[in-house]
Amino acid sequence: MTTGFSMRRAWKLVLLAAVVATSGCTDIKRWAYARGDRSSWQQSERVIDSLAIAPGERVADLGSGGGYFTFHLARAVGHTGRVFAVDVDEGMNEALRVDVEERNASNVEVVQAAYDDSRLAPASVSLVFTSNTYHHIEDRVTYFERIAAALTEDGRIAIIDYKPEGFFQRHSAPPEAIRSEMESAGYALETEFDYLERQSFQVFERR
């Protein structure tokens, strides 16, 4: 006999299948934020610790969405630092601005980006962090060639994205493709972490 828990899980999978079949990445992102159970697999605290962000740093959260990592990054940089929450989705940005105000997160600035332009100022950040966004970007080599101008001399780019496995295979980027494209854009792999089950996690530095 099917338990109540199994039935609820089955209905969640049916709903997720419908979302994936009928929606784009933005809709999936909104649905994922609404679920609120990402912490069970994302290991956000470990991710932030792995980046060794110093208080006072200026960091960009590229593809910030609902701000899941934005506020983790804001705690890491502290009140003397700055987090630029960068996204092309106006609706997500408006919701995040409200959340920023409600949390009194004065070290967070929401940036309305264009699809081909992060709209970050030159030499404005020491780290560009992006989670589950890389695969959204078109002409990624050109995009990250341009974003280099926003980095300080010792700036880094941290990329987390879904592995091309299982349910989210269509919304992913193979880690070897990320490395190849970033090398073509003028970066070298600095560090790679393998503790995220669903995602690759690579950090690049400018060559």
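Above this text you will find the structure in question.
Rules of the game
Residues numbered from 1 in each chain as written. Predicted model: local features only at pLDDT ≥ 70, side-chain atom pairs only at ≥ 80, totals over all residues. Heavy atoms only, no water. Helix = DSSP H or I, 4+ residues; strand = E, 2+ residues; numbered from the N terminus. Buried < 20%, exposed > 50% of the residue type's maximum accessible area, 1.4 Å probe, protein only. Contact = heavy atoms within 4.5 Å. Areas by Shrake-Rupley, 256 points an atom, 1.4 Å probe, with all protein chains shown as cover. Phe/Tyr/Trp six-rings, centres within 6.5 Å; stacked < 30°, edge-to-face > 60°. Lys NZ or Arg CZ within 6 Å of the ring centre and 35° of its normal. Pairing = 2+ DSSP bridges. Right-handed = clockwise from strand over helix to strand, strands pointing away.

A. Expanded view of the overall build of the chain. When its secondary structure is counted, the chain shows eight helices and seven strands. Out of the 207 residues in the chain, the part that is buried amounts to 46%. Contacts spanning at least 24 positions in sequence make up 71% of the contacts within the chain whose residues lie at least 6 apart. As displayed, the chain has an accessible area near 10,900 Å², and 50% of this comes from carbon and sulfur atoms.

B. Local environment of the environment of S39. One can find S39 in helix α3 (residues 39-42). For the pair S39 and Y68, spaced 29 residues apart in sequence, the C-alpha to C-alpha distance is 9.5 Å.

C. The packing of aromatic side chains, seen in detail. Applying the stated criterion across every chain yields a total of eight aromatic pairs. Taken together, a centroid distance of 6.0 Å and an interplanar angle of 55° make the contact between F193 and Y195 tilted. Measuring from ring centre to ring centre gives 6.2 Å for Y195 and F201, while their planes differ by 90°; the resulting arrangement is edge-to-face. What makes Y195 buried here is its relative accessible area of 14%. With relative accessibility at 0%, the residue F201 sits in the buried group. Among the aromatic residues, those joined into a ring-pair cluster are Y68, F69 and F129. One residue, R46, lies across the ring of Y195, its end atom 3.9 Å from the ring centre. Here the basic side chain of R103 rests over the ring of F71, its NZ or CZ set 3.8 Å away from the ring centre.

D. Structural context of the pairing of strand β4 (residues 125-131). In terms of residue burial, β4 counts as a mostly covered element, since seven of its seven residues are buried. In terms of strand pairing, strand β1 (residues 58-62) meets β4 through four bridges, oriented parallel. In the sheet register, A60 faces β4, and the bridge partner there is V128. With six bridges joining them, β4 and strand β5 (residues 151-162) adopt parallel strand pairing. For V128, the partnering residue across the bridge sits in β5 and is I157. Note on the crossover from β4 through helix α7 (residues 140-147) to β5: the handedness is right-handed.

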